[in-house]
Amino acid sequence: MKIWINYTNRIKRNCCHLDNEVPDLDYWRNRLFAGTIIYLLPFCLIGLVPSLYWIMITGQYVLATIDMLALISMLSIAFVPVIAINTRKFIFIACVYTFSCCMLYYIGLGGPGLIFLLTACVLCTLIFSSVYAWWSAFFNTFICILFIVGIHFHVLPLQYNAENVVGEWIAVTSNLVFLSFLCAALIPRLFMGLEQTILQEKKLRVQLNREQNLLKDAMAMLEHKNSELEQFAYSASHDLQEPLRMITGFLALLEKKYESVIDDNGKKYIHFAVDGAQRMRQIISDLLELSRAGRTDDQLEDVDVNDIVHEIKILYRKQVQEKKATIQSPPLPVIKVYKSQLKQVFQNLISNALKYSNEQSPVHINIDVTETATHWQFAITDNGIGIAEEYFDKIFVVFQRLHSNEKYSGSGMGLAICKKIIESMDGKIWVESKIGKGTVFYFTIIKHNNLTL
């Protein structure tokens with residue numbers, strides 16, 4: 001079996017280019033030619049070697065030479081790597097025609113020679129381009145005429161009456177010529193549908209490659225723009241915050257040094273200016289956070305979600321005590337994730353639950369998790385003021401706030417940051433809520449192969 005595989009692979013490499021990016025019609029013609037050589041060569045060896053031995057014994061050295069050349073030609077077609085494919089095809093067709101003529105000459109004007117002539121015509125039409133389809137038909141006609149001339153002038157050593165043989169030969173070969181021209185006319189039409197399909201596939205592949213190149217260029221440009229945006233946000237977070245710190249500092253000094261001179265309205269204006277500068281610094285800081293959301297240099301690691309919740313409880317201990325809040329959760333899983341990103345999502349959602357609480361009752365925050373085949377789904381439930389249904393999508397948009405800054409402080413980017421992080425982890429985030437009855441934020445995180453519970 002291994003010998004046969006090596007044999008077929010060797011012939012395919014020599015007789016057909018297998019590395020074509022887009023297989024065209026010539027590719028399939030070459031495949032057909034390679035397949036013909038693969039199965040024909042063993043039969044040639046089986047048939048020619050014994051016949052060559054018999055011919056040498058009988059002393060027919062001309063026929064022996066022809067057989068030897070045919071055998072060497074077939075071996076060269078199959079195994080010599082430097083020969084061009086079209087040259088291999090011409091050698092092959094020449095061998096077939098040579099055999100046909102030898103059979104007609106030595107065996108007689110009967111069936112085998114004529115069958116080989118018709119076979120040569122069919123093979124020539126199949127393995128060569130349609131441009132050469134008629135050549136084999138004309139060549140068969142030319143061979144038939146040569147044999148008629150040879151028979152008529154007694155050049156061929158025939159045992160029958162030449163006149164009778166000429167008539168019989170014309171009757172038989174007229175059918176051969178007819179079939180040859182019929183093959184030359186019909187076989188290329190069989191390839192027309194295949195050729196149209198291949199051309200269409202080739203055009204689609206070219207178009208697909210062009211679209212892919214355009215997409216790559218667009219992705220590269222987008223990546224470049226994102227890099228520029230991140231650099232701008234970094235510059236904004238540092239360079240723009242420095243003037244704001246200076247404004248805040250000088251306003252504080254102004255209020256302290258001229259406290260006795262500035263009236264209540266002046267102090268109020270200074271307070272507004274300081275508050276605005278501080279809020280501007282927070283907005284710039286949140287913009288930087290948004291630009292970097294979903295992008296991290298961290299590595300995926302096994303993270304215990306219980307530890308994240310515990311760290312957030314410590315971080316917001318003061319707010320929890322002030323609002324008499326309780327944060328409850330069942331045993332949470334250990335999941336493979338970017339820890340800093342997951343912590344930021346939990347921190348933003350728990351912070352919102354503490355901020356938008358109902359002042360008439362203690363805050364209750366509950367964290368749940370369910371497991372699906374592909375994701376972890378978390379739910380953070382609170383008993384706060386709730387959100388109207390028409391704002392369910394709006395709250396995830398940058399700078400979209402449902403309340404004034406005097407009542408609830410913030411920049412309106414916390415949920416937008418959460419959405420960007422969750423989507424970068426192939427998850428989604430959504431909300432369910434009713435006014436005055438609390439809110440539930442759901443989000444999913446894709447599972448990785450080595451998750452642990």
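Rules used throughout
Residues numbered from 1 in each chain as written. Predicted model: local features only at pLDDT ≥ 70, side-chain atom pairs only at ≥ 80, totals over all residues. Heavy atoms only, no water. Helix = DSSP H or I, 4+ residues; strand = E, 2+ residues; numbered from the N terminus. Buried < 20%, exposed > 50% of the residue type's maximum accessible area, 1.4 Å probe, protein only. Contact = heavy atoms within 4.5 Å. Areas by Shrake-Rupley, 256 points an atom, 1.4 Å probe, with all protein chains shown as cover. Patch = residues over 30% accessible without salt bridge, like charges linked within 9 Å, V, L, I, M, F, W, Y side chains within 5 Å. Salt bridge = Lys/Arg side-chain N within 4 Å of Asp/Glu carboxyl O. Axes fitted to C-alpha atoms, helices over the stretch in contact; angles between N-to-C directions. Parallel < 35°, antiparallel > 145°, perpendicular 65-115°, else oblique. Left-handed = near helix turned anticlockwise from the far one by under 90°. Nonpolar A, V, L, I, M, F, W, Y, C, P; charged D, E, K, R; others polar. Phe/Tyr/Trp six-rings, centres within 6.5 Å; stacked < 30°, edge-to-face > 60°. Lys NZ or Arg CZ within 6 Å of the ring centre and 35° of its normal. Core = buried A, V, L, I, M, F, W, Y, C linked by side-chain atoms within 4.5 Å.

**Thoughts on the overall build of the protein**
- On a plain count of helices and strands, the protein comes out with twelve helices and seven strands.
- Within the protein, the fraction of its 453 residues that count as buried is 37%.
- By sequence separation, contacts in the protein at least 24 residues apart represent 69% of the contacts at least 6 residues apart.
- Taken as a whole, the protein presents about 27300 Å² of accessible surface, with 60% of it coming from carbon and sulfur.

**Focus on a nonpolar patch on the surface**
- Taken together, the side chains of Trp4, Ile5, Tyr39, Phe43 and Ile46 make up a nonpolar region of the molecular surface, amounting to roughly 580 Å² of accessible area.
- If you list the elements that add at least two residues to the nonpolar patch, you get helix H1 (2-15) and helix H2 (25-58).
- If one sorts the elements of the nonpolar patch by residue count, H2 sits on top with three residues.
- With respect to the secondary-structure elements, Trp4 resides in helix H1.

**A few points about the environment of Arg279**
- Within the fold, Arg279 resides in helix H8 (residues 264-292).
- Measuring from C-alpha to C-alpha, the distance between Arg279 and Leu244 comes to 9.9 Å, with 35 residues separating the pair along the chain.

**Some words on the packing of helix H4 (residues 85-107) against helix H5 (residues 111-127)**
- Following both chains from N to C, one finds H4 and H5 inclined at 165°, their axes separated by 7 Å at the closest point. For the element pair H4 / H5, the angle class is roughly antiparallel. H5 is crossed by H4, and the crossing has left-handed handedness. Facing Lys89, Phe92, Ile93, Val96, Tyr97, Phe99, Ser100, Met103 and Leu104 of H4, the residues of H5 in contact are Pro112, Gly113, Leu114, Phe116, Leu117, Ala120, Cys121, Leu123, Cys124 and Ile127.
- When grouped by side-chain class, the residues that make up the contact of H4 with H5 number 16 nonpolar, two polar and one charged.

**Description of the packing of aromatic side chains**
- In the structure shown here, the tally under the stated rule is 18 aromatic pairs.
- On the numbers, 5.0 Å between centres and 90° between planes, the contact of Tyr132 with Trp135 is edge-to-face.
- Residue class for Tyr132 comes out partly exposed when judged on its relative accessible area of 32%.
- Aromatic rings pair up to connect Trp4, Tyr7, Tyr39 and Phe79 into one cluster.
- A cation over a ring is seen here: Lys89 above Phe128, with NZ or CZ 5.8 Å from the ring centre.

**Concerning the nonpolar core**
- Ranked by size, the top nonpolar core spans 42 residues in total, and within it Ile37, Phe92 and Ile93 carry the most contacts.
- Within the residue set of this core, elements represented by two or more residues are H1, H2, helix H3 (61-79), H4, H5, helix H6 (133-152) and helix H7 (162-257).
- No other element matches the nine residues that H7 contributes to this core.
- Counting 40 residues, the second-largest nonpolar core is a separate cluster that includes Val363, Phe378, Ile380 and Cys418.

Just distances and angles here, no functional claims.
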